[in-house]
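Below, each chain spelled out in residue letters.
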Amino acid sequence: MEAKFPPDPVMTDVTTAWDDKFCDRCKMMSSSIIREILKFTQMPDMISFAGGLPAPELFPIRAFEEACAHVLKTDGQTALQYGLTEGYGPLKEALAERMGKYGVAAGPDNILLTNGSQQALDLIGRIFIGAGDVIVTGKPTYLGALQAWRVYRPRIVGIPVDDEGMQMDALEAALKIENPKFVYILPNFHNPMGVTLTLERRKKLVELAAKYGTPIIEDDPYGELRFEGEDLPPIVVLHKQNVIYLSTFSKIMAPGIRLGWVVAPEAIIKKLVQAKQATDLHTSTFIQMIAHDIVKRGILKAHAKEIKRVYGERRRLMTASMDEHFPEGVTWTKPQGGLFMWVKTPEHINCMELLETAVENKVAYVPGSVFYPDETGLNTFRLNFSNALPDKIVEGVKRLGRVLEKAIG
Ligand SMILES: Cc1ncc(COP(=O)(O)O)c(C=O)c1O
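Description of the structure in this document.

Cut-offs used in this document
Residues numbered from 1 in each chain as written. Predicted model: local features only at pLDDT ≥ 70, side-chain atom pairs only at ≥ 80, totals over all residues. Heavy atoms only, no water. Helix = DSSP H or I, 4+ residues; strand = E, 2+ residues; numbered from the N terminus. Rg over C-alpha atoms; globule rule 2.2 N^0.38 Å. Contact = heavy atoms within 4.5 Å. Areas by Shrake-Rupley, 256 points an atom, 1.4 Å probe, with all protein chains shown as cover. Lys, Arg positive; Asp, Glu negative; His and termini not counted. Charge placed at Lys NZ, Arg CZ, Asp CG, Glu CD. Buried < 20%, exposed > 50% of the residue type's maximum accessible area, 1.4 Å probe, protein only. Pairing = 2+ DSSP bridges. Phe/Tyr/Trp six-rings, centres within 6.5 Å; stacked < 30°, edge-to-face > 60°. Near = heavy atom within 4 Å. Polar contact = N/O pair within 3.5 Å; in protein donor to acceptor, adjacent residues only side chain to side chain. 1 Å grid on protein atoms, 1.4 Å probe; cavity = no way out; pocket = protein on both sides within 12 Å on 5 of 7 lines; lining within 4 Å. Sits in = over half its atoms within 2 Å of the grid points. Nonpolar A, V, L, I, M, F, W, Y, C, P; charged D, E, K, R; others polar. Core = buried A, V, L, I, M, F, W, Y, C linked by side-chain atoms within 4.5 Å. Axes fitted to C-alpha atoms, helices over the stretch in contact; angles between N-to-C directions. Salt bridge = Lys/Arg side-chain N within 4 Å of Asp/Glu carboxyl O.

With that settled, consider the overall build of the protein chain. Secondary structure assignment for the protein chain yields 15 helices and 14 strands. The C-alpha atoms of the protein chain give 23 Å as radius of gyration, which agrees with the globular expectation for 409 residues (22 Å, within 12%). Dimensions of the protein chain along its principal axes, counting C-alpha atoms only, are 80 × 60 × 50 Å. A fraction of 75% describes how many contacts in the protein chain between residues 6 or more apart in sequence connect residues 24 or more apart. In the form shown here, the protein chain has an accessible surface area of approximately 19,500 Å², with 54% of it arising from carbon and sulfur atoms. Mean positive and mean negative side-chain charge positions of the protein chain (48 and 50 charges, respectively) differ by 3 Å.

For the rest of this paragraph, the subject is the pairing of strand E11 (residues 340-344). Most of E11 is tucked away, with 4 of its 5 residues classed as buried. Relative to E11, strand E10 (residues 331-332) runs antiparallel, the two being bridged by 2 bridges. Bridge pairing links Thr-331 to Lys-344 in E11. Strand direction decides the pairing type here: E11 and strand E14 (residues 380-384), joined by 5 bridges, are antiparallel. Residue Phe-340 lies in a different strand from E14, and its bridge partner there is Asn-384.

This brings us to the packing of aromatic side chains. Using the criterion set out here, one finds 10 aromatic pairs in the structure. Both rings, one in Phe-128 and one in Phe-182, keep their centres 6.2 Å apart while their planes meet at 70°; by these two values the pair is edge-to-face. One end of the pair, Phe-128, is in helix H6 (residues 116-128); the other, Phe-182, is in the loop between helix H8 (168-177) and strand E6 (183-185), with 54 residues separating them in the sequence. Plain terms: the ring middles of Phe-227 and Phe-385 are 6.1 Å apart, the flat faces sit at 80° to each other, and that makes the pair edge-to-face. Here Phe-227, found in the loop between strand E7 (216-219) and helix H10 (235-238), pairs with Phe-385, found in the loop between E14 and helix H15 (390-408); they are 158 residues apart in sequence, far enough to count as distant. We classify Phe-385 as buried; its relative accessible area is 0%.

Every one of the 13 residues lining the ligand counts as a neighbour, but Ser-117, Asp-219, Tyr-222, Thr-248 and Ser-250 are closest to it. A distance of 2.6 Å separates an oxygen atom of the ligand from a polar side-chain atom of Thr-248. Contact distances for the ligand include 2.6 Å between an oxygen atom and a side-chain N or O atom of Ser-250. Within the complex, 92% of the 400 Å² of free accessible area of the ligand lies under protein. Placement of the ligand is best described as lying within the largest pocket. If one sorts the elements of the shell around the ligand by residue count, H6 sits on top with 3 residues. Looking at the shell around the ligand residue by residue, the classes come out as 4 nonpolar, 6 polar and 3 charged.

Nonpolar side chains tend to gather and get buried jointly when the protein is soluble and globular. Leu-171, Phe-249, Tyr-311 and Leu-383 are the most contacted members of the largest nonpolar core, which totals 102 residues. With 6 residues, the single largest contributor to this core is helix H13 (residues 300-325). If sequence neighbours within four positions are ignored, Phe-249 has contacts with Leu-91, Leu-95, Ala-254, Ile-257, Leu-259, Gly-260, Trp-261, Ala-291, Val-295 and Leu-300. Counting residues in each nonpolar core, the second largest holds 25 residues, with Ile-135, Phe-182, Leu-186 and Ala-264 among its members.

Taken in spatial order, the 4 strands make up an open sheet running E10-E11-E14-E13, and their pairing is antiparallel. Of all the strands in the sheet, the pair left with one neighbour each is E10 and strand E13 (366-367). Set on the sheet, H13 makes contact with E10, E11 and E14; between it and E11 the angle comes to about 15°.

Time to look at the pattern of salt bridges. If you walk through the whole model with that rule in mind, you get 22 salt bridges. The shortest N-O distance in the salt bridge between Glu-57 and Arg-314 comes to 2.7 Å. Of this pair, Glu-57 sits in the loop between strand E1 (47-48) and helix H4 (61-79) while Arg-314 sits in helix H13, and the two are 257 residues apart along the sequence. Here Arg-309 makes a salt bridge to Glu-313, at a shortest N to O gap of 2.9 Å.

This paragraph deals with the side chain of Arg-315. Looking at where Arg-315 falls in the secondary structure, it is placed in helix H13. In contact with Arg-315, not counting residues within four places along its chain, are Phe-227, Glu-228, Lys-334, Pro-335, Met-341 and Phe-385.

Shown next, in the form of structure tokens:
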């Protein structure tokens, strides 16, 4: 007799208590509030300054079309085959050359391709953080790093950040009594604050890190997006052996391709490669070959120039609108690049609670407290200026101005 397909299910009324099965580490996982906010930003007429989204109308779609066709035609078999964990060789070479122009001396063996910088952050957590280990971050800092690392149960020591970046006096005070695994720093156009670490503080950071034997994780997704002022040297240039440097194609090409890279001493790359092997074997060869083709054709320079022009205009429009519509007592940063600016309200305003009113008025931001390791900073919020079109920027700032005015009274 032929077996029945599909077979009848085994009849049982027992249901699995999945919650009891999750491990302790899993209990430390939480959804990013930004992802939650992004859900209601899909509502009609909503103007969202919440997500860290690049301007989609600037994505180099044509270049991707051409690169896809070219890669498949000329080397489709390599593109669709398994690849090396370290990354696609020609892309690593191109990145080494590109980093060289940026002042960062790196050979292909110092580079690892990742699924965006976000994966690099997770891999760093895997190889460095054990339960109870101390790590140092800014206060505030990038939420995705907190999310990636909290599962490894570190004790996070937050160092205040001001208009000149992380405060070095406070950092030294912490390094004197703690023995952290690393200091995590966002030198250029900080997410969420938009501020840049001054040259003086960069030098001091390198000096302190060497004095106290603390490695530095330099996360630099926005360095190539400066639309005002002068570039500053990456920290890895000031002290190559003590820095793990991260960057990404997310902001200069497109975030949907999920492609980032790490520059680090060879011994660190080897460990990261082992951690990555267990995670996903390797980053998509196809995507790496497409990115390589686009880099090789030299269109990124002109493309970055266009992005910077547009973002510069939007930042200036946003701050001019804020000058006009935000009430007294509210202050904000004026970033010279990147995607974000940071708003401070009077102390008594709780921007987490105020978000509900803002959303009722069809405008969204990210409450600043989510970027603080200790969830303080309630009178702050982050605005993104790269994503909304100019008329939406003006209208959104007007709406937010009215919400703030009413709350402040
Ligand atoms: C500071 C910082 N690091 C890392 C990332 C993650 O970037 P990617 O898209 O490369 O994963 C972001 C994204 O916004 C970021 O702002």
